[in-house]
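Each chain, letter by letter, is given below.
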Amino acid sequence: MLNQFSLEGKVALVTGAAYGIGFAMAEALAKAGAKIVFNCRGQEHMDNALKTYAEKGIDAKGYICDVTDEEAVRKMVSDIEQTVGAVDILVNNAGIIKRIPMHEMSVNEFEQVIDIDLIAPFIVSKAVIPGMIKKGHGKIINICSMMSELGRETVSAYAAAKGGLKMLTRNIASEYGEYNIQCNGIGPGYIETPQTAPLHKREDGSPSPFYRSILAKTPAARWGVPEDLMGPVVFLASDASNFVNGHILYVDGGILAYIGKQPK
Ligand code: NAP
Ligand code: GCO
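Here the residue numbering is sequential within each chain, running from 1 through the sequence in written order. Lettering for chains starts from A, numbering for ligands starts from 1, and both go in the order in which the items are written. Reporting of local features is limited, given that this is a predicted model, to residues whose pLDDT is at least 70; pairs of side-chain atoms are given and counted only at 80 or more, and all residues count toward the totals for whole chains, interfaces and linings. Values reported for side chains reflect all heavy atoms of the structure, with hydrogen atoms and water molecules removed beforehand.

A. Up close: the environment of Ser 106. Within the secondary structure, Ser 106 sits in the loop between strand 4 (89-92) and helix 4 (107-135). The spatial distance from the C-alpha of Ser 106 to the C-alpha of His 45 is 28 Å, given a sequence separation of 61 residues. Numbering of helices and strands starts at the N terminus; helices are DSSP runs of H or I of at least 4 residues and strands are runs of E of at least 2.

B. Spotlight on the sheet that holds strand 5 (residues 138-143). If DSSP finds at least two bridges between two strands, the strands pair. Strand order in this open sheet of seven strands is 3-2-1-4-5-6-7, and the pairing throughout is parallel. Here the strands that pair on one side only, and so sit at the sheet edges, are strand 3 (61-64) and strand 7 (248-251). Along the sheet, successive strands turn relative to each other by an average axial angle of 20 degrees, direction set aside. Relative to strand 2 (residues 35-40), strand 1 (residues 11-15) runs parallel, the two being bridged by five bridges. Looking at strand 2, one finds that Thr 15 is bridged to Asn 39. With respect to the sheet, helix 2 (residues 43-55) is in contact with strand 2 and strand 3, its orientation differing from that of strand 2 by roughly 155 degrees. Axis angles are defined between N-to-C directions and span 0 to 180 degrees, where every axis is a line fitted to C-alpha atoms and, for a helix, only to the segment in contact. Should any heavy atoms of two residues lie within 4.5 Å, those residues are counted as being in contact.

C. Region of interest: the packing of aromatic side chains. We call Phe, Tyr and Trp rings a pair once their centres come within 6.5 Å, taking the six-membered ring for Trp, and we label the pair stacked below 30 degrees between planes, edge-to-face above 60, and tilted otherwise. Following the criterion strictly, the structure yields six aromatic pairs and no others. When the centroid spacing of 4.8 Å and the interplanar angle of 35 degrees are considered together, the rings of Phe 38 and Tyr 53 count as tilted. Note that Phe 38 is positioned in strand 2 and Tyr 53 in helix 2, a separation of 15 residues in sequence. Burial classification: accessible surface area is computed with a 1.4 Å probe over protein chains only, and a residue below 20% of its type maximum counts as buried, one above 50% as exposed, and the rest as partly exposed. We classify Phe 38 as buried; its relative accessible area is 0%. Using a relative accessible area of 0% as the deciding quantity, one classes Tyr 53 as buried. Ring plane angle 5 degrees and centroid distance 4.8 Å describe the contact between Tyr 211 and Trp 223, whose orientation is recorded as stacked. Of this pair, Tyr 211 sits in helix 6 (residues 209-217) while Trp 223 sits in the loop between helix 6 and helix 7 (230-237), and the two are twelve residues apart along the sequence. On the basis of relative accessibility, which here comes to 3%, the residue Trp 223 falls in the buried class.

D. How the structure looks around the side chain of His 200. Within the fold, His 200 resides in the loop between strand 6 (181-188) and helix 6. Filtering out sequence-adjacent residues up to four positions away, His 200 remains in contact with Glu 192, Thr 193, Ser 206, Pro 207, Ser 208, Tyr 211 and Trp 223.

E. Representation of the pairing of strand 4 in the model. Alternating positions in strand 4 separate into two faces, Ile 89 and Val 91 on one and Leu 90 and Asn 92 on the other, with burial throughout. Two strands pair when backbone bridges link them, and strand 4 and strand 5 are joined in this way by four bridges, in the parallel orientation. Counted as the bridge partner of Val 91 is Ile 141 from strand 5.

F. Representation of the site of ligand 2 in the model. In the vicinity of ligand 2 lie 14 residues, with Arg 99, Arg 152, Tyr 158, Tyr 190 and Gln 195 positioned nearest. In protein, a polar contact requires one atom able to donate a hydrogen and another able to accept it; more generally it is a pair of N or O atoms within 3.5 Å, and residues adjacent in sequence count only if both atoms are side-chain atoms. Within the contact set of ligand 2, an oxygen atom lies 2.6 Å away from a side-chain nitrogen or oxygen of Arg 99. Between ligand 2 and Arg 152 there is a distance of 2.6 Å, counted from an oxygen atom to a side-chain nitrogen or oxygen. Surface accessibility follows the Shrake-Rupley procedure with a 1.4 Å probe radius. Residue values consider only the protein chains on display as shielding. When the free accessible area of ligand 2 is taken as 340 Å², the share hidden by the protein chains comes to 97%. Each residue is assigned to one class: nonpolar for Ala, Val, Leu, Ile, Met, Phe, Trp, Tyr, Cys and Pro, charged for Asp, Glu, Lys and Arg, and polar for all the others, Gly among them. Among the residues forming the shell around ligand 2, the class breakdown is eight nonpolar, four polar and two charged. The domain limits used here are those given by an automatic or database domain assignment. When residues of the shell around ligand 2 are assigned to domains, at least three map to each of domain 1 (7-189 + 224-252) and domain 2 (194-219). Near residues are defined by distance, with any heavy atom within 4 Å of the molecule or strand qualifying the residue.

G. The arrangement of the site of ligand 1 in detail. Arg 41, His 45, Asn 93, Tyr 158 and Thr 193 are the nearest of the 29 residues found near ligand 1. One of the side-chain N or O atoms of Asp 66 is found 2.9 Å from a nitrogen atom in ligand 1. Contact between ligand 1 and Asn 93: an oxygen atom at 2.7 Å from a main-chain N or O atom of the residue. Counting residues per element, the ones that place at least two in the shell around ligand 1 are helix 1 (20-31), strand 2 and helix 5 (156-176).

H. Representation of the side chain of Thr 193 within the structure. Topologically, Thr 193 is positioned in the loop between strand 6 and helix 6. By relative accessible area, which is 12% here, Thr 193 ends up buried. Ignoring any residue separated from it by four or fewer positions in sequence, one finds Thr 193 in contact with Gly 20, Ile 21, His 200 and Pro 226.

I. Representation of helix 7 within the structure. Judged by how many residues are buried, helix 7 sits mostly within the fold: six of eight residues are covered. Residues of helix 7 that are buried include every one of Met 230, Pro 232, Val 233, Val 234, Leu 236 and Ala 237, and no others. Where helix 7 is buried, its residues touch helix 1, strand 4, strand 5, strand 6 and strand 7.

Read these as geometric descriptors, not functional statements.
Listed below in structure tokens is the structure:
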């Protein structure tokens, strides 16, 4: 039965996987047997990432590619198909956040977030779907967020993008299910990574009020770590989830189920 979770012989493209959640998910997919291909934007990130993959014993192939650049994505996917093989598993992980009160946010700032967090998953999915149709199977995993369901101060563009990504996920599932392509989302809770680093501490190094408020909102009573996403991504990338389609798997320590700790 555990063979269903094996990714032996599969090619997995994880976007923005030089560090953070993307790196941990790529590591998990590699441990389950997949060949890892990833991209990031800068040479320094690429050099560090290749070193870290090698230290973990993972033979990953890296591309410097901005996921918002459709032509660059098309070239990357075509090169992957020729040198490694058509992509079996795509994880749309690359993402940014801007924390700016909405009435102070420029249209350009709003668009930058929508471009990377919503339009890029469309661009990369669009590039790999023909290869998946040819192969007769495929898995697309979109990294959503608590903000696919919830709002909060300062993250209007991010919430709009991640809410949109949830619906793009359901639409890809609807449109390509008949080709044996499953598209699901993972909605991480609050995970300690460079993206959330500005939220963790006060200047004196003590936990910030926001950090503590998340502890009070999370039944698990802790922030997540990138490794919390390893099991869920392998499940959604593997044959074990072949009849799971259009689902968002929240990996949030229970935040979405909980009203929050009551004040004493
Ligand atoms: P992170 O530490 O900031 O890493 C983001 C990654 O995305 C980096 O590797 C970055 O690479 C890459 N990236 C950003 N823009 C890109 C672009 N235009 N083209 C290519 N790569 C790009 O973030 P993270 O916390 O690991 O988050 C990963 C994903 O999970 C994001 O989609 C995020 O929104 C989502 N998420 C995070 C949390 C959390 O609590 N941390 C919770 C829910 C969802 P470069 O710097 O090299 O460009
Ligand atoms: C924020 C955070 C979040 C998380 C995550 C929650 O400022 O509220 O950065 O949005 O990163 O997406 O699931």
